[in-house]
Amino acid sequence: MKHKDISKNSNIQLLPPELANQIAAGEVVERPSSVLKELIENSLDASASSINAIIEDGGQASIKVSDNGKGIPKEELALAVTRHATSKINNIRDLSTINSFGFRGEALPSIASVSRFRIASCWVDEPDKQAYALDVNFGEHKEIQPVALYKGTQVEVRDLFNNIPARLKFLKNPNTELKRAQEIFTRVGLIHTNVAFEFSAGTRKALTFLLEDSLFERLCKIWSPSITNDMLEVNNSIYDMNITGFISNPRSLYAKADKLLLYVNKRPVSDKLLIRAIRQAYKHSLTTKDYPQVIINININPEEVDVNVHPAKSEVRFRDEQSIFKALYVSLEKVLEKKLFLHQVNARENSQKNIESQNLLREPSSDFSTFSSTFSSYEEKNSYNKIENNFENTQNNMQPSGFWGYADTFSKGLDKQGMSMIKDKKVFEKNFEEVIYKPSLTQDNKVNQESIISEKKNTSHILPHFLCQIESSYLLFQQHNGTLFILDQHAVHERVLFDKLAKKEILANQKLLVPISISLHSSEYEAFLTVQQELKNTGFQCVYEENENFLECTEIPLEFNSATAEKFLQKVLKNSIVDIHSLFIDYACDKAIKANQNLTHAEAINLYQQWLLCEQPDFCPHGRPCYILIDKEYLDKLFKRT
Ligand code: ADP
Ligand code: MG
């Protein structure tokens, strides 16, 4: 191949317009789907209420978009296909308050430079309603001709990239290109609920959104009922923004990230900041493999967002990133919170404070239900006795009929076989020594913490019935309205332990008789500096002995002993970028009750109560669910009654 020798090239020349357009086309129109996006956005900017697209052969043979918008006057048709000609902005001020999708005046000339292009339009104010068409063949303008078109604009793009073989090579097979085109059409069509959309692949109608279809109805047309049945609506006004849309229930997340549809002022965007805010709102329910399904539009003053970042306009830049992050996070969290366990318990139990259930289980003693007791010495035994007494009361007051009665017999049966109950107090104490703590609160935190605890205590004063342990791994409870729920004992205990570590303010620490001393390499010293404060907040008192190059730890949280604390510190120091929370997760996982471990009734109830005090009881710190609810509706479904 012969290359141009640029070293001898000293004459600077203006590029011919066709070449400039073709170069611009490289950025604006990458493939058929991007052509389609530009055309439908033009139709939206022309106030169309109906947009129709037909794609042939994945868009390579033809892409045709028709609308019923305001059209283009005959004398402006040629301008519409001229570079940097636009009707959407006039001056630099307009650029900061853009309400339209287009503004760069680049799309049509770019597309027309790499295809056989035809635009036909009927200008809304044209007295005799005569429409005109302009053909442009790979950048070459033809004569404008009168054509028959009643209303709006029709653009047809044929033989895309036929004059640029290198571009053609990058296109995928027609089916893949068709899929991409349909995806972008759907993406735009979903959010513009004031516009009807129709998409056809050749003669096959692939998608129709009617004018009267709401956002949710449109969503139901493209996502399966297993997702849409359980979606939650978001509608929140915050910091001069309006955040609307639908998000999936945290209990039905999928392993694919293809359903995160984000819009800013109805413009589809892919933005890392927004995705981070969403993941943050779901943080308690996401494992690393889960993705929520989301369609969210952020309506914001155009001055607050710069859309002129990329020629394809799919990226935006926010003036105040922090506010956007917070606004989105808070709006989603508000909705998700309502789905959480405590909220449900509150709602159910408040509407169900009937006398029967009050009698069925006595309010647990305050020593037991607040967490101010330790199991050392007198208090320890006292609390334990109270649990047992409390439980005995429960047993005595139980009604011997129905499922409850059955479960009682069932668990006693297990007891006889020696499978379930561990009556040994030692085991009980050992299992739970980690989950009891002495609060050592600062004044502010104390007020806050007390109000949380008392609020949660209100919800826990009617305990559910503990029925039995299933396969030494799961705990079966029944609420007073009859609903069953199963706790995963490991996940629940993990959550309890994690919360205690993460809520630094309620950790108490212990002085070590023999300090832990760890010799530090210089890289580990760097790691220490980054986590020094965090460790201190968590209850580790560490001092670096500069001359000796070692770290001395004199105090550790109550939850640790000297050996586990040393292991923990070693791990922290080995990771130069430390996410202390992930280490807490490891720790909680390690220490939590495992599956296949028998629990007594009292232990099960104790665990339930501690769990109820957690801020996020729905999921373990890894994001796995802590419980499953089995209500009548669910059973009816299982038995195919509905
Ligand atoms: P931009 O959208 O950035 O202005 P385009 O190259 O996409 O640039 O379009 C150029 C101009 O052509 C637009 O500003 C608009 O005035 C006109 N135009 C394009 N498509 C349509 C349409 N479907 N209906 C009415 N006017 C249109
Ligand atoms: Mg445009």
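Residues numbered from 1 in each chain as written. Chains lettered and ligands numbered in written order. Predicted model: local features only at pLDDT ≥ 70, side-chain atom pairs only at ≥ 80, totals over all residues. Heavy atoms only, no water.

## As for the packing of aromatic side chains
Then, number 1: For the structure shown, the criterion picks out 14 aromatic pairs.
Then, number 2: The rings of Phe-466, Phe-477, Phe-485, Tyr-608, Trp-611 and Tyr-627 are connected pair by pair, giving a single aromatic cluster.
Then, number 3: Above the ring of Phe-161, the side-chain terminus of Arg-167 is found at 5.2 Å from the ring centroid.
Then, number 4: Over the ring of Tyr-263 we find Arg-187; its NZ or CZ atom is 5.1 Å from the centre of that ring. (Phe/Tyr/Trp six-rings, centres within 6.5 Å; stacked < 30°, edge-to-face > 60°. Lys NZ or Arg CZ within 6 Å of the ring centre and 35° of its normal.)

## Section: the site of ligand 1
Then, number 1: Looking at ligand 1, there are 20 residues lining it, with Asn-42, Thr-86, Ser-87, Lys-88 and Gly-105 nearest.
Then, number 2: Here Asp-67 contributes a side-chain N or O atom positioned 2.9 Å from a nitrogen atom of ligand 1.
Then, number 3: The backbone of Gly-105 places a nitrogen or oxygen atom 2.8 Å from an oxygen atom of ligand 1.
Then, number 4: Contact with the protein chains covers 94% of the free accessible surface of ligand 1, which is 530 Å².
Then, number 5: Considering every element that reaches the shell around ligand 1, the biggest residue donor is helix α5 (residues 107–113), with 3 residues.
Then, number 6: The residue inventory of the shell around ligand 1, partitioned by class, reads 8 nonpolar, 8 polar and 4 charged. (Near = heavy atom within 4 Å. Polar contact = N/O pair within 3.5 Å; in protein donor to acceptor, adjacent residues only side chain to side chain. Areas by Shrake-Rupley, 256 points an atom, 1.4 Å probe, with all protein chains shown as cover. Helix = DSSP H or I, 4+ residues; strand = E, 2+ residues; numbered from the N terminus. Nonpolar A, V, L, I, M, F, W, Y, C, P; charged D, E, K, R; others polar.)

## Points about the sheet that holds strand β21 (residues 541–545)
Then, number 1: Read across the sheet, 3 strands follow the order β20-β22-β21 without closing on themselves; strand pairing throughout is antiparallel. Looking at the sheet topology across the chains shown, the edges are occupied by β20 (509–519) and β21. With direction set aside, neighbouring strand axes in the sheet form an average angle of 15°.
Then, number 2: Two strands pair when backbone bridges link them, and β21 and strand β22 (residues 550–557) are joined in this way by 5 bridges, in the antiparallel orientation. Following the sheet pairing, Val-543 is matched in β22 by Glu-552. (Pairing = 2+ DSSP bridges. Axes fitted to C-alpha atoms, helices over the stretch in contact; angles between N-to-C directions.)

## Describing a nonpolar patch on the surface
Then, number 1: Taken together, the side chains of Tyr-634, Leu-635, Leu-638 and Phe-639 present a nonpolar region at the surface, about 420 Å² in accessible area.
Then, number 2: Secondary-structure assignment places Leu-635 in helix α24 (residues 632–638).
Then, number 3: According to the relative accessible area criterion, Leu-635 is partly exposed, its value standing at 32%. (Patch = residues over 30% accessible without salt bridge, like charges linked within 9 Å, V, L, I, M, F, W, Y side chains within 5 Å. Salt bridge = Lys/Arg side-chain N within 4 Å of Asp/Glu carboxyl O. Buried < 20%, exposed > 50% of the residue type's maximum accessible area, 1.4 Å probe, protein only.)

## A closer look at the pairing of strand β18 (residues 474–478)
Then, number 1: Judged by how many residues are buried, β18 sits mostly within the fold: 4 of 5 residues are covered.
Then, number 2: In this sheet, β18 lies alongside strand β17 (residues 465–470) in antiparallel orientation, the contact comprising 5 bridges. Of the residues in β18, the one forming a bridge with Phe-466 is Phe-477.
Then, number 3: The sheet contact formed by β18 and strand β19 (residues 484–488) spans 5 bridges and is antiparallel. Looking at the pairing, Leu-476 lines up with Ile-486 of β19.
Then, number 4: With antiparallel pairing between neighbouring strands as the criterion, β18 and β19 make up a hairpin whose turn holds 5 residues, including Gly-482 at a positive phi of roughly 100°.

## Looking at helix α21 (residues 562–574)
Then, number 1: Given a rise of 1.5 Å per residue, 13 residues ought to cover 18 Å, and the 18 Å separating the end C-alpha atoms of α21 matches this to within 8%.
Then, number 2: Listed in full, the buried residues belonging to α21 are Ala-565, Phe-568, Leu-569, Val-572 and Leu-573. In an axial view of α21, the angular spread of the buried residues amounts to 130°, which keeps them on one side of the axis. Looking at α21, the residues exposed on the side facing more than 90 degrees away from the buried face are Ala-563, Lys-567 and Lys-574.
Then, number 3: Backbone nitrogen of Ala-563 and a side-chain oxygen of the N-cap are separated by 3.1 Å at the start of α21; the cap is Asn-561. (Expected span 1.5 Å × (residues − 1). Arc of directions from axis to C-beta.)

## Observations regarding the sheet that holds strand β23 (residues 627–630)
Then, number 1: The sheet built from 4 strands is open, its strands ordered β17-β18-β19-β23 with antiparallel pairing. Each of the sheet's edge strands pairs with one partner strand only, and the pair in question is β17 and β23. Taking the axes of each pair of neighbouring strands and ignoring which way they run, one obtains an average angle of 20° across the sheet.
Then, number 2: In the packing of helix α19 (residues 489–502) onto the sheet, contacts are made with β17, β18 and β19, and the angle to β19 comes to roughly 70°. (Contact = heavy atoms within 4.5 Å.)

## Here we look at the side chain of His-490
Then, number 1: With respect to the helices and strands, His-490 occurs in helix α19.
Then, number 2: The exposure class assigned to His-490 is buried, which follows from its relative accessible area of 12%.

## Considering unusual backbone geometry
Then, number 1: Not every positive phi belongs to a glycine, and Asn-596 is a case in point at roughly 60°.
Then, number 2: Relative to the helices and strands, Asn-596 is located in the loop between α22 (580–591) and α23 (601–612).

## Here we look at the packing of α19 against α23
Two quantities define a packed helix pair, namely the angle between the axes and the distance from one axis to the other.
Then, number 1: It is the contact of α19 with α23, at a shortest axis distance of 9 Å, that shows an interaxial angle of 50°. Overall, the two elements α19 and α23 adopt an arrangement that is oblique. Crossing angle aside, the handedness with which α19 passes α23 is left-handed. Only Leu-607, Gln-610 and Trp-611 of α23 make contact with α19, whose side of the interface consists of Gln-489, Val-492, His-493, Arg-495, Val-496 and Lys-500.
Then, number 2: Here the residues of the contact of α19 with α23 sort into 4 nonpolar, 3 polar and 2 charged. (Parallel < 35°, antiparallel > 145°, perpendicular 65-115°, else oblique. Left-handed = near helix turned anticlockwise from the far one by under 90°.)

The analysis is restricted to geometry; functional conclusions fall outside its scope.
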